[in-house]
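# Survey of secondary and tertiary structure
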Amino acid sequence: GDSVTQMEGPVTLSEEAFLTINCTYTATGYPSLFWYVQYPGEGLQLLLKATKADDKGSNKGFEATYRKETTSFHLEKGSVQVSDSAVYFCALSSYNQGGKLIFGQGTELSVKP
Amino acid sequence: ETGVTQTPRHLVMGMTNKKSLKCEQHLGHNAMYWYKQSAKKPLELMFVYSLEERVENNSVPSRFSPECPNSSHLFLHLHTLQPEDSALYLCASSQDLARGRNGELFFGEGSRLTVL
């Protein structure tokens, strides 16, 4: 079945460092891809999305490019802030499961001053 | 008022107790969802309701019983739970099922459940 795999956390970075959180997927057809963020004590929020190959989703300085050839959707940010500390979830909309959202296990990011 | 409100935020219960989790959305959405979030595991979709009708039940044990009395409220009734059911239970809503499939989900803060 369709699935999403994220890099293991926690990821610990210093402020202003470059961030990459890897996400790869297995899916039938051409799923839409998403990144969600969960700040401490809060629910998940949609951060960005891409609906077709080579699309780049972006929001709040974060970017991710839909790479069909490598089945990847890595999350990047050029300069992280302490306020970016959160858990990040990669997800896809499963074509063969009626559009159900399939989530990865989440990657915790901790940014130190 | 926040968009999606869940109560209680924390719940501790014994295996023989009966309790309920409540979710309320103030967004005028037609679809509501229950997810289970366990440490180091992907979010698990449990139930989906659209216009108060259950449209998805992902092989969830019968000790979890959902109820959707109207489009703004969703409950998860709990009875004879097991310690492995301890997790964060997240409620979400979307304008409709199509927008939910398009990632436009609005989540509550979750109810942290501990089963002793």
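First, a word on scope: everything that follows refers to the structure included in this document. If you're wondering where the values come from, they're calculated on a predicted model, not measured in any experiment.

Listed by partner, the interface residues are 21 residues for chain B and 20 residues for chain A. Counting each side, the surface lost to burial between chain B and chain A is near 1500 Å², with a carbon and sulfur contribution of 52%. For the chain B face of the interface with chain A, the top three residues by lost area are Leu43, Arg101 and Phe107 of chain B, together amounting to 29%. Our count for the chain B to chain A interface comes out at one salt bridge. Among the salt bridges present, the one from Glu104 of chain B reaches Lys49 of chain A, with a minimum N-O distance of 3.8 Å. Across the chain B-chain A interface, the total number found is six residue pairs in polar contact (both at pLDDT 80 or more). Its residues placed into classes, the side of chain B that touches chain A shows eight nonpolar, six polar and seven charged.

Moving on to the sheet that holds strand β3 (residues 19-21) of chain A. Strand pairing in a sheet is mediated by backbone hydrogen bonds. Such pairs are either parallel or antiparallel. Residue and element names in this part refer to chain A. Read across the open sheet, the four strands follow the order β3-β9-β8-β7; overall the sheet is antiparallel. Only two strands of the sheet have a single partner each, and these edge strands are β3 and β7 (56-59). Averaged over all adjacent pairs, the angle separating strand axes in this sheet is 20°, with direction ignored. Judged from the four bridges that link them, β7 and strand β8 (residues 62-65) form a sheet pairing that is antiparallel. Its bridge partner being in β8, Gly57 is matched across the sheet by Ala64.

Let us look at the pattern of salt bridges. Following the criterion strictly, the structure yields eight salt bridges over all chains and no others. A salt bridge links Asp84 of chain A to Lys77 of chain A; its shortest N-O distance comes to 2.8 Å.

Within this model, the largest pocket holds a volume of roughly 580 Å³. For the largest pocket, the lining is made up of 26 residues, of which Gln38, Val87 and Phe89 of chain A together with Gln37 and Arg112 of chain B are closest to its centre. Those elements that place two or more of their residues in the lining of the largest pocket are β10 (86-94) and β12 (107-112) of chain A.

It is worth spelling out the pairing of strand β7 (residues 64-70) of chain B at this point. A regular strand places its side chains so that they alternate between the two faces of the sheet. All names here are of chain B. Here β7 pairs with strand β8 (residues 73-79) via five bridges, running antiparallel. Bridged to Phe64 within β8 is Leu78. Taking the residues between adjacent antiparallel strands as the criterion, β7 and β8 are bridged by two residues.

Moving on, we get to the packing of aromatic side chains. Both the distance between ring centres and the angle between the ring planes are used here to describe each pair of aromatic rings. On inspection of all chains with the given rule, the structure shows nine aromatic pairs over all chains. When the ring of Tyr25 of chain A is compared with that of Tyr66 of chain A, the centres are 6.1 Å apart and the planes differ by 80°; the resulting orientation is edge-to-face. With Tyr25 of chain A in strand β4 (residues 23-26) and Tyr66 of chain A in the loop between β8 and β9 (75-77), this residue pair connects regions lying 41 residues apart in the sequence. As far as burial versus exposure is concerned, Tyr25 of chain A and Tyr66 of chain A are alike and both buried. Measuring from ring centre to ring centre gives 5.4 Å for Tyr36 of chain A and Phe103 of chain A, while their planes differ by 50°; the resulting arrangement is tilted. Separated by 67 residues along the polypeptide, Tyr36 of chain A in strand β5 (residues 33-38) and Phe103 of chain A in strand β11 (residues 100-103) bring together distant segments of the chain. Of the two residues, Tyr36 of chain A and Phe103 of chain A, both sit in the buried class. Here the aromatic residues Phe34, Tyr36 and Phe103 of chain A together with Tyr33, Tyr35 and Phe107 of chain B are joined through ring pairs into a cluster of three or more.

Before going further, it helps to examine the state of the cysteines. A full pass over the atoms with the stated rule returns two disulfides over all chains. Between the sulfur atoms of Cys23 of chain A and its disulfide partner Cys90 of chain A the distance amounts to 2.0 Å. Between Cys23 of chain A and Cys90 of chain A, the disulfide has an S-S torsion of -70° and is therefore left-handed. Remark: Cys90 of chain A occurs in strand β10 and Cys23 of chain A occurs in strand β4; sequence separation between them is 67 residues. Here Cys23 of chain A matches Cys90 of chain A in class, with each residue buried. Note that Cys23 of chain B is cross-linked by a disulfide to Cys91 of chain B, the S-S spacing being 1.9 Å. One disulfide, between Cys23 of chain B and Cys91 of chain B, carries an S-S torsion of -75° and so falls in the left-handed class. Of this pair, Cys23 of chain B sits in strand β3 (residues 18-25) while Cys91 of chain B sits in strand β9 (residues 87-94), and the two are 68 residues apart along the sequence. A disulfide-free cysteine, Cys68 of chain B has its sulfur positioned 9.1 Å from the sulfur of Cys91 of chain B, the nearest such atom. Cys68 of chain B gets classed as buried once you look at its relative accessible area, which sits at 11%.

Rules used in this analysis
- Residues numbered from 1 in each chain as written.
- Chains lettered and ligands numbered in written order.
- Predicted model: local features only at pLDDT ≥ 70, side-chain atom pairs only at ≥ 80, totals over all residues.
- Heavy atoms only, no water.
- Contact = heavy atoms within 4.5 Å.
- Buried area = accessible area lost by both parts, 1.4 Å probe.
- Salt bridge = Lys/Arg side-chain N within 4 Å of Asp/Glu carboxyl O.
- Polar contact = N/O pair within 3.5 Å; in protein donor to acceptor, adjacent residues only side chain to side chain.
- Nonpolar A, V, L, I, M, F, W, Y, C, P; charged D, E, K, R; others polar.
- Pairing = 2+ DSSP bridges.
- Helix = DSSP H or I, 4+ residues; strand = E, 2+ residues; numbered from the N terminus.
- Axes fitted to C-alpha atoms, helices over the stretch in contact; angles between N-to-C directions.
- 1 Å grid on protein atoms, 1.4 Å probe; cavity = no way out; pocket = protein on both sides within 12 Å on 5 of 7 lines; lining within 4 Å.
- Points joined across faces, edges and corners; volume = space filled by probe spheres on them.
- Phe/Tyr/Trp six-rings, centres within 6.5 Å; stacked < 30°, edge-to-face > 60°.
- Buried < 20%, exposed > 50% of the residue type's maximum accessible area, 1.4 Å probe, protein only.
- Disulfide = S-S within 2.5 Å.

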